[in-house]
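# Chains, contacts and geometry: an overview
Below are the chains, spelled out letter by letter.
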Amino acid sequence: MPSGRSAHLNLGMNSRLPLENAQFDVLVIGGGINGVAIARECARANRRTLLVEQHDFAAGTTSRSTRIIHGGLRYLEQGDFRQVKESLGERQKLLCQYPHLIRPLEFVLALDGESRRSALAVRAGLWLYRRMAGRGIRRRQSEPADFERWLDQGRRFSLFRFEDAQCEFPERLVAEWLVEAVAAGCLARNHTRLLTVTTHHGRATGALLRDEASGREERVEAAWIINAAGPWADQICRSSGVHTPQAMVGGVRGSHLVLEKFPGAPGQAVYAEAVDGRPIFIIPWNDQILVGTTEVPETGDPSQVRPSEEEIRYLLASLGGLFPRLEIARSHIRYAFAGVRPLPYSPQAKPAAIPRRHYFHDHTPDGAAGLISVIGGKLTTAGGVARECAEKIGLRPAILPSVALMCESELDSVLARTVAQVAQLGGITPEAAQAMVEWNGRRASGIASRARRSAQLKQRLCPHTHHIVAEALDAFENQGAVSLADVLLRRVPLALGPCWSPECTRVAAARIAGIQAWDEARMRAELEGFDAEYQAFLEKTGIGVPQGAV
Ligand SMILES: Cc1cc2nc3c(=O)[nH]c(=O)nc-3n(C[C@H](O)[C@H](O)[C@H](O)COP(=O)(O)OP(=O)(O)OC[C@H]3O[C@@H](n4cnc5c(N)ncnc54)[C@H](O)[C@@H]3O)c2cc1C
């Protein structure tokens, strides 16, 4: 989560109209999934809304998660029925509203004879989980999992199947919600840092903002200020002189490894116990294998968070303990990344026992009426958090007849039809249309139409992908991207893929430079900015990965 001034950013003039003294009904701080969802909700309720993000939308915790859209079997075990019920409800909404981004995924819970969970309790728990999901996800006829034969035979695993969902790219979900927020009238500014919330006579009245590209500082006024800065929420209060009785966030770091797909790698998500009995996931993700996660109290700057050597060893050892015959080594690691869970401050509790449920802190007693901090939550529940937040400030969440719901049974045929239409509209290959629809849903038609008459826009972004240059253009024009890194890491996130190399970066940058009319100096600056962010986000140093593979 890099911070600091981004000198190379050359932000489009239209999206950077001066803000000095502008007045808003609502100012939302933080463009993670919660902030974007809240801004969208407020704009849809016809409130003049400003959303500011210090770096890029979704560059914080949101892109550091395990990317599962789930009710949380573990929370059921902890007796947090309310959290599970709400999460399952949100899971269903997301599956129906964004079926191109959120897909059902089969999970296999693998427990050995040493587990403290009995088979009976697990079966009862899964029964309850499905009941609570109601209509839920259709159960598939399960094939025997191909990874089973690779499990440690000596540990005599019992396997339990259940259904949940995955959002491979929360970055893309945030981009779609951002487009919806802007369409509803929200003014959204990334690379804009809130320096302080201003208060007057016990009320929050506005904020001082800094444009990270130009360094320009501007004051805005707002009737309501929502602090949705995730793990940075306490920093916002500190820099604003708003004193809370105790810290609001107790950060808990979670790290992941991303490995190349190895022979015997599971096609399902495996949910198992790590070397210390904690739960870990081994998940097929983006043509690679995602292994996570850890829970380590984190008090440092969330922008600097990295996986520690100890966490890397722990995750590798846990994976090796499950699949000893696969001989998974450090050299299989493509990269590792970490994020800080913005959990409610609970100094006495073990990280695993801290409730994942969100809460709102109203700062009226702290001398800042009108300032509300949103603490905690999950990717899964961001939509619900936003509705609740809107109600808290007296808005009625919008009812949207236009939101099309598509359910699983219709999914494949609707997607296939859309892909065929998009291919025809854009005069592009079915593979390019498929790739575009998978990341852009219904918006793909507009992007394809734009590509129709331009060979340049129909070019692939790099030789290994079917994603085309028109998607990058749309990212700049309609999805708030301002830099090469914004595009390749979050709007068209090819750089997270299995075969991304420095050569891919150069090819993509050259093709993007062509449509953005970047000169050589700009191109160099964009490449430097991308490399710095890529290295900072996707940790490679110290984990034994050959640098050539980066
Ligand atoms: C390891 C890990 C695994 C997880 N796995 C899952 C999962 O599988 N499923 C799930 O549902 N949830 C998961 N979560 C939880 C989920 O990722 C988070 O709850 C969610 O992303 C929080 O979103 P947010 O918008 O509150 O915070 P963030 O995404 O961190 O957004 C806050 C934003 O505020 C910005 N900001 C900070 N200070 C300022 C400032 N001064 N001015 C302007 N902007 C500022 C930051 O740059 C940041 O982008 C996981 C979390 C972690 C860490």
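## Describing helix H4 (residues 119–133)
When the terminal C-alpha atoms of H4 are compared, their 21 Å separation across 15 residues agrees well with the 21 Å that a helix rising 1.5 Å per residue should span. Within the span of H4, buried status applies to Val-122, Leu-126, Tyr-129, Met-132 and Ala-133. Mapping the buried residues of H4 onto a view down its axis gives an arc of 125°, with all of them on the same face. In H4, the exposed residues that point more than 90 degrees away from the buried face are Leu-120, Arg-123, Trp-127 and Arg-131. Of the surrounding secondary structure, the elements contacted by the buried residues of H4 are helix H2 (73–77), helix H3 (81–97), strand S4 (102–111) and strand S5 (158–167). At the C-terminal side of H4, Gly-134 shows a positive phi close to 65°.

## Let's talk about the nonpolar core
Among the nonpolar cores identified, the biggest contains 76 residues, and Val-487, Trp-500 and Phe-530 are the most heavily contacted of them. Counting contributing residues, this core receives three or more from each of domain 2 (104–163 + 250–342) and domain 3 (408–549). By size, the runner-up hydrophobic cluster in this structure holds 42 residues, among which are Ala-45, Ala-188, Val-374 and Ala-390.

## Structural notes on the state of the cysteines
Overall, the coordinates contain zero disulfides when judged by the stated rule. Here Cys-504 stays free of any disulfide, with the sulfur of Cys-462 as its closest cysteine sulfur at 3.9 Å.

## Section: the packing of H3 against H4
Running from N to C, H3 and H4 point in directions that differ by 55°, and their axes come no closer than 9 Å. Our classification of the angle between H3 and H4 gives oblique. For the pair H3 and H4, the sense of crossing is right-handed. Seen from H3, the contacting residues are Phe-81, Val-84, Lys-85, Leu-88 and Arg-91; seen from H4, they are Leu-128, Tyr-129, Met-132 and Ala-133. Taken together, the residues of the contact of H3 with H4 break down into seven nonpolar, no polar and two charged.

## Describing the domain arrangement of the protein chain
Under the domain assignment, the protein chain is made up of domain 1 (20–61 + 171–243 + 356–392), domain 2 (104–163 + 250–342) and domain 3 (408–549). A separation of 28 Å is found between the C-alpha centroids of domain 1 and domain 3. In this complex, domain 1 contributes 13 residues to the contact, which on the side of domain 3 involves 15 residues. Summing both partners gives a buried area of about 1100 Å² for domain 1 against domain 3, and 51% of it is carried by carbon and sulfur. It is Glu-171, Arg-172 and Val-179 that lose the most area in domain 1 upon contact with domain 3, and together they represent 48% of the buried surface on that side. Taken together, the links from domain 1 to domain 3 amount to two salt bridges. Arg-491 is the salt-bridge partner of Asp-56, the closest N and O atoms lying 2.7 Å from each other. Summed over the shared surface of domain 1 and domain 3, the number is eight residue pairs in polar contact (both at pLDDT 80 or more).

## A closer look at the environment of Thr-505
Note that Thr-505 resides in helix H15 (residues 502–516). What Thr-505 contacts, discounting residues up to four positions off in sequence, is Trp-500, Leu-527 and Phe-530.

## Some thoughts on the side chain of Glu-171
On the secondary structure map, Glu-171 appears in helix H5 (residues 170–183). For Glu-171, a relative accessible area of 2% gives the class buried. Here Arg-67 takes part through its side chain, which lies 2.7 Å from a polar atom of the side chain of Glu-171. Every residue in contact with Glu-171, bar those within four places of it in the chain, is listed here: Ala-58, Ser-63, Arg-67, Leu-489, Arg-490 and Leu-496.

## Side note on the packing of helix H14 (residues 484–491) against helix H16 (residues 520–537)
Following both chains from N to C, one finds H14 and H16 inclined at 40°, their axes separated by 8 Å at the closest point. Put simply, H14 runs oblique to H16. Of the residues in H16, those touching H14 at Leu-484, Ala-485, Leu-488, Leu-489 and Arg-490 are Glu-526, Leu-527, Phe-530, Glu-533, Tyr-534 and Phe-537. Of the residues belonging to the contact of H14 with H16, the class tally is eight nonpolar, no polar and three charged.

Calculation criteria
Residues numbered from 1 in each chain as written. Predicted model: local features only at pLDDT ≥ 70, side-chain atom pairs only at ≥ 80, totals over all residues. Heavy atoms only, no water. Helix = DSSP H or I, 4+ residues; strand = E, 2+ residues; numbered from the N terminus. Expected span 1.5 Å × (residues − 1). Buried < 20%, exposed > 50% of the residue type's maximum accessible area, 1.4 Å probe, protein only. Arc of directions from axis to C-beta. Contact = heavy atoms within 4.5 Å. Core = buried A, V, L, I, M, F, W, Y, C linked by side-chain atoms within 4.5 Å. Domains from an automatic or database assignment. Disulfide = S-S within 2.5 Å. Axes fitted to C-alpha atoms, helices over the stretch in contact; angles between N-to-C directions. Parallel < 35°, antiparallel > 145°, perpendicular 65-115°, else oblique. Left-handed = near helix turned anticlockwise from the far one by under 90°. Nonpolar A, V, L, I, M, F, W, Y, C, P; charged D, E, K, R; others polar. Buried area = accessible area lost by both parts, 1.4 Å probe. Salt bridge = Lys/Arg side-chain N within 4 Å of Asp/Glu carboxyl O. Polar contact = N/O pair within 3.5 Å; in protein donor to acceptor, adjacent residues only side chain to side chain.

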